[in-house]
Every structure is written in structure tokens, then in C-alpha cells.
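Residue strings, one per chain:
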Amino acid sequence: MSAIIKTKRVTVPEIRARKGREPVVCLTCYHAHTARLLDPHVDLMLVGDSLGTVMHGMENTLGVTLDMMIMHAKAVMRTAKHALVVVDMPFGSYEESPAVAFRNAVRVIQETGVGAVKLEGGTRMAETITYLANRGIPVMGHIGLTPQMFHVMGGFKTQGRTEAEWPAIEADAKAVAEAGAFCVVLEGMAEPLAARITQQVSIPTIGIGASPDCDGQILVMEDMLGLNPSPPRFVREYAHLGPEIEAAVRDYAADVRARRFPGKENVYPMKKKA
């Protein structure tokens, strides 16, 4: 009889329990090959709506649809066996009402098998977070710079650079935590404010352009691998794959044009006669 070895997947309660303990390692992920590479090393993979700009060349995330999110999440889940996988609820899929948000979140969970969803907004989304959490949908919050509010904010602007802005952002963090989110992303936020919020709320904070004092960190995978020619200031590039990929393609093109590829080792000979 063959033995079935099942990898234990990171759970929502385990992420919540990391508050103030070992930092939570998170990265975005949009497809199966990279999910396989990331899975042994991260605690949480986010199928972010940033796939609109990263994978589909959109100007911002507002054109991303629920079908797109589900398609990419399915690809990630085919190879991710360890990390908790979370899916962004795209613009327009949850703001109308808690009931609409629940209906769309259920579709995401049922069709992909992911462990949680993420939605943007603080006090304005607290009721929806509670509605989902009370009905079995774990929610990851997201406050500060919220890309889906691109037009309202007038672009991608760092939040909390003056202390006058702090009370509203702190209220957002408190509302998300009290509403039942299991963790919250702090994006594009002045470092002292992000550190302060991390001390104030009972759930883990996941920083991106925030503070090293956050309970975890997340980056867009393509940014940290050097595939973005103009990465944000908060990105640390751990590789420079963009130039390497371009060089590899250049060498391939030269070999094809010079008929150096394929070589004898890349083609199939006839079978020898018996």
C-alpha cells in the first residue's frame, strides 16, 4: 500500500498567533511555477490584484476582474502546498454591500480553495469584514495607501507623513482589527505611524513601505526579483533578473539567426534498425 504524505498548510489562526513573535514572511504570487518556488520559504502568498499591472500591463488595478483573480488563484493553488494563500477581492466586487461581498468571496473560496480573502479599507469596510468573518470567510485587511482608491487619493501617495493624518489612519487600523480581520496590511505609510499602529492593534500588521517593526512584510515578487525597471522606494531587489532575462533572450535570438540552435543535443535522431 502506498503512503500519502500531506504537507501541513499554514492556517489563519497560526498567522494571527504570530503577533509580536517571529515575523510573517509574505510575497505576492500569480502563477504555478513561482508558487512552487516560493512555497517552502514563505508563510503567506497573496494573489494580489497587482497582477493587473504586473501580469497584464494595466495602468492600475481598477480593471482587474473577479474572473481574473480566480484564474490566477487556481494556478497558484495547483502547486502551493504549504503557505496560506490569500486572494485580493478586486475593485467593485465587495464595496456595494456586505451581502455582495460575501457572495463574491464565497465564489473565490469555493472555486479556488484558498484560505482567505483580502479587501481594502478601514472604518468604511468594518461592517463588511465582520459580515464575512462571522460567516466563515477569513479576511486580511489593508489600510494606508490603498491602490483601489487611486482616483480618490489622486495617485499613489504615502500616508501619514503629517501627524494630522494619524488619527484617521489609526481609527482605520482599530476598526479592521475589531471587525474580525486576522491581520492587516499597512501600505505606503510613514514609518513612525506604522510602528505605532503595530503596537496598538491586537492582530499582526504586514508592512509594505511601512516599518521594520511590523509583524510581517510583503513585497510584489517581481519587484524584489528585479523585474520592475522602476521599483518603488520601499523595494529591496534581491536579484536582478530583468537584465539576465533580456541577455538570455538576446543570446537565444543570436543562436537562432546564426543556426547555432538547435544543436545535435536538442534534436531527435532516427531509431537504429534492430
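Note that the structure is predicted; figures quoted are calculated from it, not measured.

Colleague: Please clarify how the sheet that holds strand β6 (residues 183-187) should be interpreted in this entry.
Modeller: Sheets are built from strands paired through backbone hydrogen bonds, the pairs being either parallel or antiparallel. The sheet built from 8 strands closes into a barrel, its strands ordered β1-β2-β3-β4-β5-β6-β7-β8 with parallel pairing. Taken pair by pair, the neighbouring strands of this sheet meet at an average axis angle of 25°, ignoring direction. Note: strand β1 (residues 24-28) against strand β8 (residues 216-219), 4 bridges, orientation parallel. Considered in β8, the bridge of leucine 27 is made with leucine 219.

Colleague: I tried to follow the pattern of salt bridges on my own but got confused; where do I start?
Modeller: For side chains bearing opposite charge, pairing can occur when the charged atoms are close. In this structure the tally under the stated criterion is 8 salt bridges. A salt bridge links glutamate 14 to lysine 8, with the shortest nitrogen-to-oxygen separation between them at 2.4 Å. Of the charged contacts, one joins arginine 260 and aspartate 255 as a salt bridge, the two residues approaching to 2.7 Å between their closest N and O atoms. If you follow the salt bridges from partner to partner, you end up with Asp67, Arg107 and Glu111 in one network.

Colleague: Would you explain the packing of helix α4 (residues 66-77) against helix α5 (residues 98-112) in this entry?
Modeller: The packing of two helices is summarised by the inter-axis angle and the distance between the axes. One can describe the packing of α4 onto α5 by two numbers: an axis separation of 9 Å at closest approach and a directional angle of 30°. Accordingly, the angle class assigned to the pair α4 and α5 is roughly parallel. Once α4 is placed against α5, the crossing between them reads as right-handed. On α5, the residues touching Leu66, Asp67, Ile70, Ala73, Lys74 and Met77 of α4 are Asn104, Arg107, Val108, Glu111 and Thr112. Of the residues in the contact of α4 with α5, the class split is 5 nonpolar, 2 polar and 4 charged.

Analysis parameters
For every chain, the first residue of its written sequence is number 1, and the numbers climb from 1 along that sequence. Thresholds applied to this predicted model are a pLDDT of at least 70 for local features of residues and 80 or more for the giving and counting of side-chain atom pairs; totals over whole chains, interfaces and linings are not thresholded and use all residues. Computation of side-chain values covers all heavy atoms of the structure but excludes hydrogens and water. Should DSSP find at least two bridges between two strands, the strands are taken to pair. Strands here are runs of E lasting at least two residues and helices are runs of H or I lasting at least four, both read from the DSSP assignment and numbered beginning at the N terminus. Axis definition: a line fit to C-alpha positions, over the contact stretch in the case of helices; interaxial angles, taken between N-to-C directions, run 0 to 180 degrees. In the sections that follow, a salt bridge refers to a side-chain nitrogen of Lys or Arg positioned within 4 Å of a carboxyl oxygen of Asp or Glu. The cut-offs work like this: below 35 degrees is roughly parallel, past 145 is roughly antiparallel, 65 to 115 is roughly perpendicular, and the gaps in between are oblique. By definition, turning the near helix anticlockwise from the far helix through less than a right angle yields a left-handed crossing, and turning it clockwise yields a right-handed one. Every residue pair with non-hydrogen atoms within 4.5 Å of one another is taken to be in contact. In this count, Pro and Cys sit with the nonpolar residues alongside Ala, Val, Leu, Ile, Met, Phe, Trp and Tyr, while Asp, Glu, Lys and Arg are called charged and the others, Gly among them, polar.

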